[in-house]
Amino acid sequence: MRSALASIVLSAALLGGCATAPTASAGLADTRWMIVRIDGAPPVAPDKATMRFDDVRLGANVGCNGIGGDYRVEAGRLLAGPLMATRMYCEGPVWQQEEAVNALLSAAPEMQRTGSTMRLVSGGHALDLELAAN
């Protein structure tokens, strides 16, 4: 009986070592995205409006300041933070879009990904992205 129990425990331990846990990045690691809409409007600076994901960090720029911080994906939500941002003086629509993206990322947005498109929605804001070639 003891040897059977020992075999079961040993087998479970060996199998557990082979299993891999799902990554917290949910397939976002090493991807770069173009921001195509912020709250339904195109970005004011479309050539600069990007978001990138590394293994555990994200970075975003709407055209003025950079936003970045750690992230993980849990239960279909993008959990980011604490977020840091540069604080250059910006005004007008680019500033408003930057504030919307910062608020969205801080609010644990729901992540809806289909192929090369992704939509983040939360806190009264929405961000539409398209996967860019690295």
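Quick look at the structure, then. Please read these numbers as outputs of a predicted model, since none were measured by experiment.

What counts as what
- Here, residues in each chain are numbered from 1, in the same order as that chain's written sequence.
- Where local features are concerned, this predicted model is filtered to residues with pLDDT of at least 70; where side-chain atom pairs are given and counted, the filter is 80 or more; whole-chain, interface and lining totals use all residues.
- By convention in this description, side-chain values take in all heavy atoms of the structure and omit both hydrogens and water.
- We count a stretch as a helix when DSSP gives it H or I for four or more residues in a row; a strand needs E for two or more, and each element gets its number in order from the N terminus.
- Throughout, exposure labels follow a simple rule: accessible area from a 1.4 Å probe, protein chains only, divided by the maximum for the residue type, with under 20% read as buried, over 50% as exposed, and the rest as partly exposed.
- Here a residue-residue contact requires only that any non-hydrogen atoms of the pair lie within 4.5 Å.
- Residue exposure ignores everything except the shown protein chains as possible cover, and the areas themselves are Shrake-Rupley values with a 1.4 Å probe.
- Only a pair of cysteine sulfur atoms within 2.5 Å counts as a disulfide in this structure description.
- In this scheme, a helix's expected span is set at 1.5 Å multiplied by one less than its residue total.
- In this description, a nonpolar core means a group of buried Ala, Val, Leu, Ile, Met, Phe, Trp, Tyr and Cys residues linked to one another through side-chain atoms lying within 4.5 Å.

1. A few points about the overall build of the protein
Here is step 1: Along the protein, the regular secondary structure elements total two helices and eight strands.
Here is step 2: Secondary structure elements of the protein, listed N to C terminal, follow the sequence α-β-β-β-β-β-α-β-β-β.
Here is step 3: Looking at the protein as a whole, 32% of its 134 residues qualify as buried.
Here is step 4: Long-range contacts, defined here as pairs at least 24 residues apart, represent 48% of the contacts in the protein between residues at least 6 apart.
Here is step 5: If you sum the accessible surface of the protein, you get close to 7800 Å²; carbon and sulfur atoms cover 59% of it.

2. A short note on the environment of Gln97
Here is step 1: The residue Gln97 is located in helix α2 (residues 93–106) in this model.
Here is step 2: A residue is classified by how much of its surface remains accessible, and Gln97, at 10% relative accessible area, is buried.
Here is step 3: Distance in space between the C-alpha atoms of Gln97 and Ile38 is 6.6 Å, their sequence separation being 59 residues.
Here is step 4: Residues in contact with Gln97, not counting those within four places in the same chain, are Ile38, Ala41, Pro42, Pro43, Val44 and Val62.

3. Overview of the state of the cysteines
Here is step 1: Per the counting criterion, the structure on display carries one disulfide.
Here is step 2: With its sulfur 1.4 Å from that of its partner, Cys64 forms a disulfide with Cys90. Its S-S torsion of approximately -75 degrees makes the covalent link between Cys64 and Cys90 left-handed. Pair noted here: Cys64 is in the loop between β3 (57–61) and β4 (66–74) and Cys90 is in the loop between β5 (77–85) and α2, with a separation of 26 residues, a long-range link. Each member of the pair, Cys64 as well as Cys90, carries the same accessibility label: buried.

4. What about α2?
Here is step 1: Over its 14 residues, α2 extends 20 Å from the first C-alpha to the last, a length consistent with the 20 Å expected when each residue adds 1.5 Å.
Here is step 2: All of the buried residues in α2 are Val94, Gln97, Glu98, Ala100, Val101, Asn102, Leu104 and Leu105.
Here is step 3: At the C-terminal side of α2, Ala108 shows a positive phi close to 50 degrees.

5. Here's the deal with the nonpolar core
Here is step 1: One finds Leu28, Met51, Phe53, Leu78, Leu105, Leu120 and Leu127 to be the most contacted residues of the largest nonpolar core, which totals 24 residues.
Here is step 2: With four residues, the single largest contributor to this core is α2.
Here is step 3: If sequence neighbours within four positions are ignored, Phe53 has contacts with Leu28, Ala29, Asp30, Thr31, Trp33, Leu58, Tyr71, Leu78 and Met118.

6. Some thoughts on the environment of Leu131
Here is step 1: Checked against the element boundaries, Leu131 lands in strand β8 (residues 125–132).
Here is step 2: The class of Leu131 is partly exposed, set by a relative accessible area of 35%.
Here is step 3: Along the chain, Leu131 and Met51 lie 80 residues apart, while their C-alpha atoms are 9.4 Å from each other.
Here is step 4: Aside from chain neighbours lying at most four places away, what touches Leu131 is Thr31, Arg32, Trp33, Arg113 and Ser116.

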